[in-house]
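Each chain, letter by letter, is given below.
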Amino acid sequence: VMVDALRKGNWTRYVNSSCDPDLETSAEQVGKVRITTFLPIKRIMPGTELNFYYGKDYFVQHGLPQCLCPCKPLDHEP
C-alpha cells in the first residue's frame, strides 16, 4: 500500500514513533518560518517505514502510559 501525502494531509503524519528510530528531528529557521527537518540516522532502504522518537512527554500528554512500538516484544516505557 502506498499513501500519497500530496493528495491527503501533510507527509509528516505518516512518520511514526519508535524507540529504535530511523530519523532524528531538528528545528530550523528559514527566513521567518520555523520548520522541522528529519535527518536519517540509519541507512534507509526503499519501502522502509520512517520513524523517529516522539519522546516520553508525547505519550504522557496523550494519556498513553506505555509505548507500543514494535522494537520490543512487550509494552514498554519510551
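Residues numbered from 1 in each chain as written. Predicted model: local features only at pLDDT ≥ 70, side-chain atom pairs only at ≥ 80, totals over all residues. Heavy atoms only, no water.

1. What to know about a nonpolar patch on the surface
Piece 1. Together, Val30, Val33 and Ile35 line one region of the surface with nonpolar side chains, adding up to about 230 Å² of accessible area.
Piece 2. Relative to the helices and strands, isoleucine 35 resides in strand 3 (residues 33–40). (Patch = residues over 30% accessible without salt bridge, like charges linked within 9 Å, V, L, I, M, F, W, Y side chains within 5 Å. Areas by Shrake-Rupley, 256 points an atom, 1.4 Å probe, with all protein chains shown as cover. Salt bridge = Lys/Arg side-chain N within 4 Å of Asp/Glu carboxyl O. Helix = DSSP H or I, 4+ residues; strand = E, 2+ residues; numbered from the N terminus.)

2. Topic: the pairing of strand 3
Piece 1. Relative to strand 3, strand 2 (residues 23–30) runs antiparallel, the two sharing 8 bridges. Its bridge partner being in strand 3, glutamate 24 is matched across the sheet by leucine 39.
Piece 2. Remark: 2 residues form the turn of the hairpin made by strand 2 and strand 3, two consecutive strands paired antiparallel; glycine 31 in that turn has positive phi of roughly 65°. (Pairing = 2+ DSSP bridges.)

3. Side note on the environment of aspartate 20
Piece 1. Examined against the element boundaries, aspartate 20 turns out to sit in the loop between strand 1 (16–17) and strand 2.
Piece 2. Looking at aspartate 20, the relative accessible area reads 41%, which means it is partly exposed.
Piece 3. Residues aspartate 20 and cysteine 71 lie 51 residues apart in sequence; the distance between their C-alpha atoms is 6.2 Å.
Piece 4. Not counting residues within four places of it along the chain, the set of residues in contact with aspartate 20 comprises Lys42, Asn51 and Cys71.
Piece 5. One polar contact links aspartate 20 to lysine 42, side chain to side chain, over a distance of 2.8 Å. (Buried < 20%, exposed > 50% of the residue type's maximum accessible area, 1.4 Å probe, protein only. Contact = heavy atoms within 4.5 Å. Polar contact = N/O pair within 3.5 Å; in protein donor to acceptor, adjacent residues only side chain to side chain.)

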